[in-house]
Amino acid sequence: MAGWTTGRHRSAVGVAGQAGPGKGKSVNGLSKGIRKVEVALRWDPSPAGQPPADLDVVAGTYPAGDPYGDPSYVVHFDSRSPDGTIYLNRDSQDGKGFGYDEVMTLELERLDARYARVVVGVVIQQRSGHRTFDGVTNPGLRIREGYTVLAEDGFGGVPAATAATVAEFVRDETGSWEFRAGVHGFEGDPATFTGTMGAARRP
């Protein structure tokens, strides 16, 4: 049965440092005036003899008329946004290499006014068998605007999840974008995640 869990989140003053396993950091729980954001994901390769772990960053956009309904479109490893405002800069299938393995850019300032909400998530591919975040070696998330780190997390608060929402961006009445931090784990079939992730943080 599908279910949602919320990871523990800890605020920090100033630019956040590297978050260790189970610890999340953010400059504050809600940041306003966001224009262009980078969401970066890293993990280490699986130990010898084990199948590779493959994690994907995904993003869903939601219309102003139904911000918690079905996404207007979803951006993932083989699909970019129609207007080119949300896209992957880097994609990995095994976590090998230096630095961050998956990087997604969201140019919120260019996003059409018809969209009022964007939710970003991380999905663990299940091709080689059932895998959750506690079965991924040293996963890490960083969200930043320019050189300012908005949030970091190690997914330690959602160990049994197969996917998780990691960021929410909401357009306010002035047209500015707000960033809302928090990791919310999804424990169901990750194939259904993108269809439900928009409702995860509904008040």
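An account of the accompanying structure is given in this report. Not measured: the values here are computed from a predicted model.

So, how was this worked out
- Residues numbered from 1 in each chain as written.
- Predicted model: local features only at pLDDT ≥ 70, side-chain atom pairs only at ≥ 80, totals over all residues.
- Heavy atoms only, no water.
- Helix = DSSP H or I, 4+ residues; strand = E, 2+ residues; numbered from the N terminus.
- Buried < 20%, exposed > 50% of the residue type's maximum accessible area, 1.4 Å probe, protein only.
- Contact = heavy atoms within 4.5 Å.
- Areas by Shrake-Rupley, 256 points an atom, 1.4 Å probe, with all protein chains shown as cover.
- Salt bridge = Lys/Arg side-chain N within 4 Å of Asp/Glu carboxyl O.
- Phe/Tyr/Trp six-rings, centres within 6.5 Å; stacked < 30°, edge-to-face > 60°.

**Digging into the overall build of the chain**
Consideration 1: Scanning the chain from terminus to terminus reveals one helix and 14 strands.
Consideration 2: A total of 203 residues make up the chain; the buried ones form 49% of that total.
Consideration 3: The contacts in the chain between residues at least 6 apart in sequence include a share of 69% that link residues at least 24 apart.
Consideration 4: When the accessible surface of the chain is summed, it comes to about 9400 Å², and 50% of that surface belongs to carbon and sulfur atoms.

**Quick word on the pattern of salt bridges**
Consideration 1: Inspection of every chain in the model, using the stated rule, returns eight salt bridges.
Consideration 2: One salt bridge in this structure joins R142 and E38, with 2.8 Å as the shortest N-O distance. Here R142, found in strand β11 (residues 140-145), pairs with E38, found in strand β5 (residues 36-42); they are 104 residues apart in sequence, far enough to count as distant. Here R142 and E38 have matching classes, each one buried.

**Let's talk about the packing of aromatic side chains**
Consideration 1: Considering all chains together, one arrives at four aromatic pairs under this definition.
Consideration 2: Ring geometry for Y73 against Y115: centres 5.6 Å apart, planes inclined by 85°, an arrangement best described as edge-to-face. Linking Y73 in strand β7 (residues 73-75) with Y115 in strand β10 (residues 115-124), this pair joins segments that are 42 residues apart in sequence. For the pair shown, Y73 and Y115 are each scored as buried.

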